Amino acid sequence: MLRAWSAQRVRDAEATLMSRLPEGELMRRAAQGLAEVCRARLPASGGARVVVLAGPGNNGADALYAAARLAQDGHDCVALQGDWPLAIGDSASWSAAGVTVLAPGGDWAAPLAGADLVIDGLLGIGGRPGLPQDAVAWVDAIPASAYVVSVDLPSGQDPAGQSRSDTGVFADETVTFAVAKPVHLLPATEAAVGRLTVIDIGLELDGEPDVERLDFADVAHLWPVPTIADDKYSRGVLGVVAGGENYTGAPVLCCTAAVGAGLGMLRYVGTPAPTALVRAAIPEAVHGEGRVQAWVVGPGLDITSRARGSKAQLDVARSALDSDLPVLVDAGGLDLVHGPRQGPTLLTPHAGELSRLLTRLEGSETTREAVEADPLSHARRAADLTGATVLLKGATTLVVPPTDWGLAVRSQNDAPAWLATAGAGDVLSGVCGALLASGLTPLDAGSLGALVHGVSADLANPGGPVRALAVAHGIPQAVAHLLTR
Ligand SMILES: NC(=O)C1=CN([C@@H]2O[C@H](COP(=O)(O)OP(=O)(O)OC[C@H]3O[C@@H](n4cnc5c(N)ncnc54)[C@H](OP(=O)(O)O)[C@@H]3O)[C@@H](O)[C@H]2O)[C@@H](O)CC1
Ligand SMILES: Nc1ncnc2c1ncn2[C@@H]1O[C@H](COP(=O)(O)OP(=O)(O)O)[C@@H](O)[C@H]1O
Ligand SMILES: [K+]
């Protein structure tokens with residue numbers, strides 16, 4: 001599990017450790033680790049051009065100390081200083097350490113154009129979103145051929161990872177210290193981070209982190225592997241209320257994925273057309289209502305439909321939502337959520353569905369664009385209003401429990417962009433529903449389901465396009481792959 005702590009909690013832990021260490025020791029460790037990473041990306045023979053974007057704070061100092069080490073290897077190190085004093089040293093002292101500091105207003109364009117490696121030390125965890133004025137032009141002018149290493153975080157991005165900034169650095173690699181920070185894992189900022197390298201500086205953080213990411217090794221700990229004592233009922237029965245006369249494919253995708261995830265049994269509740277398709281495609285499914293351990297309500301469900309069978313199906317959807325059983329609510333089912341939930345609930349909207357849900361619950365308009373600009377706050381709002389765990393789908397999938405539970409947010413990024421295809425969400429609902437039926441919490445079911453869903457998309461056709469049905473068919477192999485690796 002990758003864990004991230006907020007800038008404030010890192011600062012607090014740092015203050016305690018620093019009081020026991022010689023002055024400057026933490027920065028020395030940080031700069032050494034940073035230099036080692038840069039060294040591994042540069043020719044050992046020396047002679048490369050390294051350009052430091054030196055900001056006003058300790059982030060800039062880390063970068064300058066690392067550059068001084070690279071200068072000792074024979075690299076040509078230049079630092080750009082803007083209209084601010086450096087946190088440590090001046091141009092004379094850095095020059096003595098082998099780093100040429102270009103004063104504010106100097107000719108920075110030529111050295112930057114020739115950079116092999118750029119060390120972005122503009123802003124770290126003390127940064128506010130956006131760049132210092134002088135640095136905007138530098139960042140624009142970073143040559144595409146240069147390898148960009150950001151110190152601690154890509155400058156300009158929000159350290160808390162909540163809001164997206166269009167003027168920040170996009171790094172090839174980010175070298176962070178002690179632990180990951182939310183900026184590295186959350187959807188608004190993650191794309192700017194590149195490869196993430198965490199350097200041990202002897203700083204430990206404890207307690208519940210702010211953000212977590214399941215990795216492949218976590219699957220074996222969490223996945224409900226059956227034992228010799230199990231039967232189909234003890235493994236979990238899932239009820240699926242999905243589809244209608246207009247949307248017949250969604251239940252096929254959802255149910256295929258759910259049985260593929262290793263359910264004990266699946267009960268399907270639909271209208272005539274999708275029922276015929278589910279009968280043909282998923283012979284394992286049992287039709288009609290019955291005892292279940294969890295429900296999936298909503299894929300392809302149109303609650304306004306007057307078609308044959310719709311009323312009876314809607315009655316089952318409503319009674320599932322009124323029960324104390326765990327429920328996953330997706331797509332059309334979200335229109336049935338009007339306020340706080342009683343039983344364990346996982347809501348699985350995409351950004352558009354979340355904006356509509358919030359608009360209805362709060363009685364004032366939230367746009368899709370607003371959700372996309374700050375996914376975490378909006379998912380959290382929906383979780384707090386409903387008491388449900390909210391899984392917000394996207395390139396990075398967030399799983400957010402209500403704030404007062406005091407749990408970390410999960411953020412999964414396991415899927416290729418090829419997964420952005422119609423029906424992929426229906427597959428996800430089936431996988432997560434199966435996990436709910438086997439007894440996992442909404443938080444574990446959502447994050448583990450998102451991980452397996454992404455891996456299945458990748459394995460279905462590595463490097464190429466995938467259709468949702470292939471992702472559903474690939475779930476059993478993806479689970480086996482993750483459990484036996
Ligand atoms: N904690 C640790 O464990 C360790 C931390 N270490 C390192 O320290 C770094 C944190 O250093 P830091 O506190 O000096 O903050 P940092 O981000 O360099 O600069 C803040 C300065 O920038 C300014 N400023 C901010 N936003 C701005 C904006 N948008 N536009 C313009 N200006 C802006 C801000 O101005 P002010 O807010 O005062 O107006 C202030 O002057 C951390 O990331 C890591 O690299 C390691 O060495 C050891 C272990
Ligand atoms: N750019 C992307 N990269 C990876 N996965 C994505 C991307 N965009 C969307 N996804 C995933 O694809 C699925 C789409 O779900 P959804 O929008 O509900 O589609 P549908 O309703 O058509 O099934 C979600 O699991 C989402 O996380
Ligand atoms: K930085």
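Remember, predicted model here, so these are calculated numbers, not experimental data.

**Overview of the coordination of the potassium ion (ligand 3)**
Ligation of the potassium ion (ligand 3) by protein atoms is provided by Asn 59 (OD1), Asp 120 (O), Leu 123 (O), Val 151 (O), Leu 153 (O) and Ser 155 (OG), these donors lying 2.7 to 2.9 Å from the ion. Viewed at the metal, the six donor atoms of the potassium ion (ligand 3) are separated by angles of 71 to 168 degrees, and the geometry they form is irregular. Counting along the primary sequence, the residues that act as donors to the potassium ion (ligand 3) give the motif N-x60-D-x2-L-x27-V-x1-L-x1-S. Taking the relative accessible area as the measure of exposure, Val 151 reaches 0% and is therefore buried.

**Section: the site of ligand 2**
Taken together, 17 residues lie around ligand 2, and Lys 393, Gly 394, Gly 423, Gly 425 and His 453 are the ones closest in. In the environment of ligand 2, an oxygen atom lies 3.2 Å from a nitrogen or oxygen atom belonging to the backbone of Leu 419. Take Asp 426: an N or O atom from its main chain is 3.3 Å from an oxygen atom of ligand 2. Alone, ligand 2 offers 580 Å² of accessible surface; in the complex the protein occludes 78% of this.

**Things to note about the domain arrangement of the protein chain**
Here the domain parsing of the protein chain yields domain 1 (2-213) and domain 2 (216-484). Taking only C-alpha atoms, the centre of domain 1 and the centre of domain 2 are 40 Å apart. In this complex, domain 1 contributes 14 residues to the contact, which on the side of domain 2 involves 17 residues. Across the interface of domain 1 and domain 2, roughly 1,200 Å² is buried in total on both sides, 48% from carbon and sulfur atoms.

**Section: the site of ligand 1**
In the region of ligand 1, 25 residues are neighbours, and Asn 58, Asp 62, Gly 124, Arg 128 and Asp 152 sit closest. Side-chain polar atom of Asp 62 to an oxygen atom of ligand 1: 2.5 Å apart, as the coordinates give it. Here Gly 127 contributes a backbone N or O atom positioned 3.3 Å from an oxygen atom of ligand 1. Here ligand 1 loses 76% of its free accessible area of 950 Å² to cover by the protein chains. At a threshold of 2 Å from the grid points, most atoms of ligand 1 map onto the second largest pocket. Secondary-structure elements contributing two or more residues to the shell around ligand 1 are helix H1 (7-18), helix H2 (25-41) and helix H3 (58-72). Tallied by class, residues from the shell around ligand 1 come to 13 nonpolar, seven polar and five charged.

**Digging into the UniProt feature "domain: YjeF C-terminal" (unreviewed entry) in the protein chain**
Per the UniProt record, "domain: YjeF C-terminal" (unreviewed entry) is annotated on residues 215-482. Taken end to end, residues 215-482 is 46% helix and 13% strand, and its two terminal C-alpha atoms sit 10 Å from one another.

**So, the sheet that holds strand S17 (residues 397-400)**
Spatial ordering of the open sheet is given by S1-S9-S18-S17-S16-S15-S14-S13-S10-S11-S12, a layout of eleven strands whose pairing is mixed. Every other strand in the sheet has two partners, leaving strand S1 (2-4) and strand S12 (286-287) as the edge strands with one partner each. Examined bridge by bridge, strand S16 (residues 389-392) and S17 share three bridges and lie antiparallel to one another. Residue pairing for S17: Leu 392 is matched across the bridge by Leu 398. Relative to the sheet, helix H17 (residues 442-460) contacts strand S15 (345-347), S16, S17 and strand S18 (409-412), its axis offset from that of S18 by approximately 10 degrees.

**Digging into the sheet that holds strand S4 (residues 99-102)**
Spatially, S4-S3-S2-S5-S6-S7-S8 is the arrangement adopted by the seven strands of the open sheet, whose pairing is parallel. Each edge of the sheet is formed by a strand with only one pairing partner; in this case those strands are S4 and strand S8 (195-199). For this sheet, the mean inter-axis angle between neighbouring strands, taken without regard to orientation, is 20 degrees. Here strand S2 (residues 49-54) runs beside strand S3 (residues 76-81); their pairing, made up of six bridges, is parallel. Across the sheet, residue Ala 54 finds its bridge partner in S3, namely Gln 81.

**A short note on the packing of helix H13 (residues 351-362) against helix H15 (residues 375-386)**
Relative orientation and spacing of two packed helices are given, respectively, by the angle between their axes and the distance between those axes. Closest axis-to-axis distance for the H13/H15 pair is 10 Å, and the angle between their directions is 45 degrees. Relative to H15, H13 is oriented oblique. The chirality of how H13 crosses H15 is left-handed. Seen from H13, the contacting residues are Leu 354, Leu 357, Leu 358, Leu 361 and Glu 362; seen from H15, they are His 378, Ala 379, Arg 381, Ala 382, Leu 385 and Thr 386. Residue composition of the contact of H13 with H15, by class: seven nonpolar, two polar and two charged.

About the cut-offs
- As a convention, each chain's residues are numbered from 1 in the sequence order in which they are written.
- Chains and ligands are labelled sequentially in the order written, the chains with letters from A and the ligands with numbers from 1.
- In keeping with the model being predicted, local features are shown solely for residues with a pLDDT of at least 70 and side-chain atom pairs are shown and tallied solely at 80 or more, while totals for entire chains, interfaces and linings include all residues.
- Side-chain metrics in this entry use all non-hydrogen atoms of the structure; hydrogen atoms and water are not considered.
- Only N, O and S atoms count as donors, using a 2.8 Å limit from the metal and a wider 3.2 Å limit for Na, K and Ca, and since water is excluded some coordination spheres may look unfilled.
- For four-coordinate sites, all angles between 85 and 135 degrees define a tetrahedron; for four- and six-coordinate sites, opposite donors beyond 155 degrees with the remaining angles between 65 and 115 define square planar and octahedral shapes respectively, and all other cases count as irregular.
- Throughout this description, buried means an accessible area under 20% of the type-specific maximum (1.4 Å probe, protein chains only), exposed means over 50%, and partly exposed covers the range between.
- Throughout, near means a residue has at least one heavy atom within 4 Å of the molecule or strand.
- In protein, a polar contact requires one atom able to donate a hydrogen and another able to accept it; more generally it is a pair of N or O atoms within 3.5 Å, and residues adjacent in sequence count only if both atoms are side-chain atoms.
- Using a 1.4 Å probe, the Shrake-Rupley method yields the accessible areas, and only the shown protein chains count as cover for residues.
- An automatic or database domain assignment supplies the start and end points of every domain.
- Should any heavy atoms of two residues lie within 4.5 Å, those residues are considered in contact.
- Each of two parts loses accessible area, computed with a 1.4 Å probe, when they are put together; buried area is these two losses added.
- Residues are called lining when one of their atoms sits within 4 Å of a cavity or pocket point, these points coming from a 1 Å grid over the protein atoms alone, where a cavity is a set in which a 1.4 Å probe fits but cannot get out and a pocket is an open set with protein on both sides within 12 Å along at least five of seven lines.
- Each molecule is assigned to a cavity or pocket provided more than half of its atoms lie within 2 Å of the corresponding grid points.
- Each helix is a run of H or I in the DSSP string that is no shorter than four residues. Each strand is a run of E no shorter than two, and both are numbered from the N terminus.
- In this count, Pro and Cys sit with the nonpolar residues alongside Ala, Val, Leu, Ile, Met, Phe, Trp and Tyr, while Asp, Glu, Lys and Arg are called charged and the others, Gly among them, polar.
- UniProt positions are given in the numbering used here, feature names are shortened, and annotations may be inferred rather than shown by experiment.
- Two strands pair if DSSP finds at least two bridges between them.
- Between the N-to-C directions of two axes lies an angle of 0 to 180 degrees, each axis being a line fitted to C-alpha atoms and, for a helix, fitted only over the stretch in contact.
- Oblique is the label for any angle not under 35 degrees, not over 145, and not in the 65 to 115 range, which are roughly parallel, roughly antiparallel and roughly perpendicular in turn.
- It is the rotation of the near helix from the far one that decides the hand of a crossing: anticlockwise by less than a right angle makes it left-handed, clockwise makes it right-handed.

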